[in-house]
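What follows is each chain in one-letter form.
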Amino acid sequence: MPLVHIELVAGRSQEQLKQMVKDVTDAIVKNTGAPAEHVHVVLNEMAKDRYAVGGVLKSDEQ
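Residues numbered from 1 in each chain as written. Predicted model: local features only at pLDDT ≥ 70, side-chain atom pairs only at ≥ 80, totals over all residues. Heavy atoms only, no water.

## With respect to the overall build of the protein
Basically, it comes down to this: Every helix listed is a DSSP run of H or I at least four residues long, and every strand listed is a run of E at least two residues long, numbered separately from the N terminus. Atoms counted for the radius of gyration: C-alpha only. Globule rule: 2.2 Å times the number of residues to the power 0.38. Should any heavy atoms of two residues lie within 4.5 Å, those residues are counted as being in contact. Here the open area of atoms and residues is found with the Shrake-Rupley method and a 1.4 Å probe, where only the protein chains shown may cover a residue.
Regarding its fold elements, the protein presents one helix and four strands. In the protein, the succession of α and β elements from N to C terminus is β-α-β-β-β. In terms of C-alpha radius of gyration, the protein reaches 15 Å, well past the compact-globule figure of 11 Å for 62 residues. Projected onto its principal axes, the C-alpha positions of the protein cover 45 × 20 × 15 Å. Within the protein, contacts between residues at least 6 apart in sequence are counted, and of these 58% link residues at least 24 apart. Summed over its atoms, the accessible surface of the protein is roughly 4,700 Å², and 52% of this surface lies on carbon and sulfur atoms.

## Some words on helix 1 (residues 14-32)
Three or four residues apart is the spacing at which side chains of an α-helix point the same way, because the helix has 3.6 residues per turn. Operational definition: The span expected for a helix works out to 1.5 Å for each residue beyond the first.
With 19 residues, helix 1 should reach 27 Å at 1.5 Å per residue; the first-to-last C-alpha distance of 27 Å fits that figure. Following helix 1 by one or two positions, glycine 33 has its phi on the positive side, about 80°.

## Some thoughts on the pairing of strand 2 (residues 40-46)
Heads up, the rule is: Strands pair, by our definition, only if DSSP identifies at least two bridges between them. Looking down the strands as they point away from the viewer, one classifies a crossover as right-handed if the path from the first strand across the helix to the second runs clockwise.
Pairing analysis gives seven bridges linking strand 1 (residues 3-9) to strand 2, with the strands arranged parallel. The residue of strand 2 that forms the bridge with histidine 5 is valine 42. Where the polypeptide runs from strand 1 across helix 1 and back to strand 2, its parallel neighbour, the crossover connection is right-handed.

By themselves, these are just geometric observations and shouldn't be taken as functional.
Structure (structure tokens):
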């Protein structure tokens, strides 16, 4: 059972997330031979004020 965790900053549309999950699942199936119904994808979306790079919150970027 492949299990994929994806961490990303919130802000993508539902359609973008659906397509990403499909593409990730397809890549796992192609590269492992696992059936699609056994591929689990977990999306963890973070608010921009809960993620920082270089000491700067994403919500504070210009």
